[in-house]
Structures are given as C-alpha cells and as structure tokens.
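Results of the structural survey
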Amino acid sequence: MSARAPRTPRRDVPAGGAGPVDETAPVLRLEGVRKAFGSTTVLDGVDLDVARDEVVALIGASGSGKSTLLRTVNLLETVDDGRIVLDGLDVTDPRVRVDAVRARIGVVFQHFNLFPHLTVLDNVALASRHVLRRPRAEAEARALELLDRVGLGDKAGAYPDRLSGGQQQRVAIARALAPRPAVLLLDEITSALDPELVGEVLDLVRTLKEVGTTILMATHEMAFARDVADRVVFLDAGRVAEQGPPAQLFTAPRTDRAREFLARFSS
Ligand SMILES: Nc1ncnc2c1ncn2[C@@H]1O[C@H](COP(=O)(O)OP(=O)(O)OP(=O)(O)O)[C@@H](O)[C@H]1O
Ligand SMILES: [Mg+2]
C-alpha cells in the first residue's frame, strides 16, 4: 500500500465524523475533485454523492478515471483539489488518520489479493483483528458469519489456492465487509474471472444490495449495472458527463458522449 504523504503536521481527527451521523446525508460526497498525473488531468472536477444503502455504478471508457476516483476515496491517491466527505468527515483533510478512514471503507479490486499463506477465515478476520483490534474470538465469529453470508462457510479452513476465482472474489468481498464499512468500493470485480464464474459474484452483489449496503462500483458489465444500480454515473475524460437511473441512462442518454459509449455495448 502506498502511504499518503501528509501535507501538514498531523493532528488526529476522529474517523467517525464530527457528531451523530445524519441518516439522510450522503454517506459519500465528492466535491470538485481534481487529480492529475503530471500534465494529464484524470479527474476534472468530479461532484458525486452516494446515499445510504444506494448502489451507484460508475461506467465509462477505459482511462476515463473510474479506478482513480475509487482510489482517491480510499486515500490511495491524494487529490489536487476538491473534497471527499465520508459520513460527515472530510477525508481529504491532511490531519485525518488514514488507517481509520480506510477502516470505514471496504474495497475489492479486480484481483483478489487474498493472502495465500492465510486460511480463508484468517483472511476475513485479519482487518477486524489488526486494524480494529478486536479479540480473536470476536473477529473469527464475525468472519464466519460473513463467510456464511457469501455462501462459503464450509471453506473457512481452506487456503485461497484451493478456491475457484469466483469463490476467492467472494472471500475478498466478505473480507471487505468485516469491519462494517460505511461504503463498499468495487473496482471491476468480475473482469479477471472466467465468464462462468462472473454470475456468482454478481449474484452476491445483488444480495448485498437487498440487505442494504452502500456501494460505489466501477464496472464494464452494463447489463449488471442496469439491473442492480440505483443510479449510473457516466464518467468521460474525468468528468461526470451524465448520471441518472439506469432505466433512463441506458435507454435515453441525454449526451452524445454517453450515447456513443453505450452504442458499443448494444451490438
Ligand atoms: N499512477 C498513475 N500514474 C500516471 N497515470 C496514471 C496513474 N494511474 C492512472 N493513470 C492514468 O489515469 C487515467 C485514468 O486511469 P483509470 O485507471 O482511473 O481509468 P479507468 O476508467 O479505471 O480505466 P479502465 O476502465 O481501463 O479500468 C489513465 O490515462 C491512466 O493511464
Ligand atoms: Mg479501472
């Protein structure tokens, strides 16, 4: 993990926000977020809200900035300008404790990144034990509950290399959920899977939505975005070019850019 360079001397800011959480406020808010790599602007003033229990799909061409956006939320990239507010806390404030913010965010990437030398149970229990410092028994009970939820309770003692790619990705999702994050960030979680394994992972995301999970996911699976997302955000060259409910955006896009992008998926 790349560490974030502190911009000023750090003073601890609590990770849970300044006061009681307002249930109607967005869980996640990006305001005017800008990010450049050298002379290339990758995020060009992104405004985006994710409401509690909302599932938002980020779509857009390769290189449009989806992964970078998710990485700025998780503080894997610093922003050049703008703010990112998670549960009322400005996580782009240089004084925040990066680990405490990350403990409030579950992340699953394209590649499973499970620890190969740890059992499935230990992979899922790890964050609760070492980041949240929960006792082993409590962390393991939580891990088992989550493994049951993702349909892998019987694999708790197995090592990741004994699992299929789809099962490994389900473990990665269980691991991301273990610390009860405020938001789950999913970056192309099915794109490294064999086609026959994609369905089980997408079914799991559907189940998470049904039980109420706040999700921001980058995806190339348009049918899935259409089926599961409450709102679809189309990124074009680092800008939110268009957003709306899937039924509207996929059938009647308002911008030429979205129309052109979606036309590639309809043949
Ligand atoms: N660390 C980095 N250094 C330099 N350029 C980067 C870095 N990370 C991303 N980029 C550039 O930023 C742009 C956006 O990349 P990003 O990975 O966010 O796109 P994406 O929408 O996720 O694409 P894909 O659909 O292929 O996953 C690309 O031009 C990429 O080359
Ligand atoms: Mg990407």
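Quick caveat, the model's predicted, so the values are computed rather than measured.

1. Quick notes on the overall build of the protein chain
- Across its full length, the protein chain carries nine helices and ten strands.
- For a compact globule of 267 residues, the expected C-alpha radius of gyration is about 18 Å, and the protein chain comes in at 18 Å, within 12% of that figure.
- For the protein chain, the spread of C-alpha atoms along the three principal axes comes to 55 × 50 × 35 Å.
- Looking at the protein chain residue by residue over its 267 residues, the buried ones come to 51%.

2. Notes on the site of ligand 1
- Taken together, F37, V42, A61, S62, G63, S64, G65, K66, S67, T68 and H220 form the complete shell of residues around ligand 1.
- K66 is positioned such that a nitrogen or oxygen atom in its side chain is 2.7 Å from an oxygen atom of ligand 1.
- Contact distances for ligand 1 include 2.9 Å between an oxygen atom and a side-chain N or O atom of H220.
- For the shell around ligand 1, the leading source of residues is helix α1 (residues 66-73), giving three residues.
- Across the shell around ligand 1, the residue classes break down as three nonpolar, seven polar and one charged.

3. Let's talk about the packing of aromatic side chains
- The full count for this structure, using the stated rule, is two aromatic pairs.
- Ring pairing ties together the aromatic residues F234, F261 and F265, which thus form one cluster.

4. Some thoughts on the pairing of strand β10 (residues 239-244)
- As paired elements, strand β9 (residues 231-236) and β10 share five bridges and run antiparallel to each other. Each bridged residue has a counterpart across the sheet, and for D236 the counterpart in β10 is R239.
- Hairpin connection of β9 to β10: two residues between the antiparallel strands, including A237 at a positive phi of 50 degrees.

5. Overview of helix α5 (residues 165-177)
- A rise of 1.5 Å per residue sets the reference length of α5, with its 13 residues, at 18 Å; its end C-alpha atoms lie 19 Å apart and thus fit the reference within 8%.
- The element α5 is largely enclosed, with a buried count of 13 among its 13 residues.

6. Some thoughts on the sheet that holds strand β5 (residues 89-90)
- Strands sit in the order β2-β1-β4-β5 across an open sheet of four strands; the sheet is antiparallel. Each having just a single partner strand, β2 (40-50) and β5 make up the two edges of the open sheet.
- Relative to β2, strand β1 (residues 28-37) runs antiparallel, the two sharing eight bridges. Paired with L30 across the bridge in β2 is L48.
- Contacts between α1 and the sheet are confined to β1, β2 and β4 (81-86), with β2 contributing the most and set at about 65 degrees to the helix.

7. Observations regarding the sheet that holds β9
- In space, the six strands of this open sheet follow the order β6-β7-β8-β3-β9-β10, with mixed pairing throughout. Two strands bound the open sheet, and with one partner strand each, they are β6 (105-108) and β10. Strand-to-strand twist in this sheet, taken as the mean axis angle between neighbours without regard to direction, amounts to 20 degrees.
- Lying on the sheet, α5 is in contact with β6 and β7 (183-187); it crosses β6 at an angle near 165 degrees.

8. What to know about the environment of L69
- Along the chain, the position of L69 falls in helix α1.
- Sequence spacing of L69 and G38 is 31 residues, and the spatial spacing of their C-alpha atoms is 16 Å.

9. Regarding the packing of helix α3 (residues 120-130) against α5
- In contact at an axis separation of 7 Å, α3 and α5 are set at 30 degrees when each is read in the N-to-C sense. Judged by the angle between their axes, α3 and α5 are roughly parallel. Classified by chirality, the crossing of α5 by α3 is right-handed. The segment α3 lies against α5, with V120, N123 and V124 engaging V171, A174 and R175.

10. Considerations on the domain arrangement of the protein chain
- The domain architecture assigned to the protein chain consists of domain 1 (22-104 + 184-267) and domain 2 (116-180).
- Centre-to-centre, using C-alpha coordinates, domain 1 lies 25 Å away from domain 2.
- Across the contact, twelve residues belong to domain 1 and 15 residues belong to domain 2.
- Buried area between domain 1 and domain 2, summed over both chains or domains, comes out near 1100 Å², and the portion from carbon and sulfur atoms is 75%.
- Sorting the residues of domain 1 by area buried against domain 2 places A103, E200 and L204 first, and these three jointly supply 39% of that buried surface.
- The interface formed by domain 1 and domain 2 holds one salt bridge in total.
- Here R170 makes a salt bridge to E200, at a shortest N to O gap of 2.4 Å.
- Counting across the interface, domain 1 meets domain 2 through three residue pairs in polar contact (both at pLDDT 80 or more).
- Ranked by residue count, the leading element in the side of domain 1 that touches domain 2 is helix α6 (residues 195-211), at five residues.

Rules used throughout
- Residues numbered from 1 in each chain as written.
- Chains lettered and ligands numbered in written order.
- Predicted model: local features only at pLDDT ≥ 70, side-chain atom pairs only at ≥ 80, totals over all residues.
- Heavy atoms only, no water.
- Helix = DSSP H or I, 4+ residues; strand = E, 2+ residues; numbered from the N terminus.
- Rg over C-alpha atoms; globule rule 2.2 N^0.38 Å.
- Buried < 20%, exposed > 50% of the residue type's maximum accessible area, 1.4 Å probe, protein only.
- Near = heavy atom within 4 Å.
- Polar contact = N/O pair within 3.5 Å; in protein donor to acceptor, adjacent residues only side chain to side chain.
- Nonpolar A, V, L, I, M, F, W, Y, C, P; charged D, E, K, R; others polar.
- Phe/Tyr/Trp six-rings, centres within 6.5 Å; stacked < 30°, edge-to-face > 60°.
- Pairing = 2+ DSSP bridges.
- Expected span 1.5 Å × (residues − 1).
- Contact = heavy atoms within 4.5 Å.
- Axes fitted to C-alpha atoms, helices over the stretch in contact; angles between N-to-C directions.
- Parallel < 35°, antiparallel > 145°, perpendicular 65-115°, else oblique.
- Left-handed = near helix turned anticlockwise from the far one by under 90°.
- Domains from an automatic or database assignment.
- Buried area = accessible area lost by both parts, 1.4 Å probe.
- Salt bridge = Lys/Arg side-chain N within 4 Å of Asp/Glu carboxyl O.

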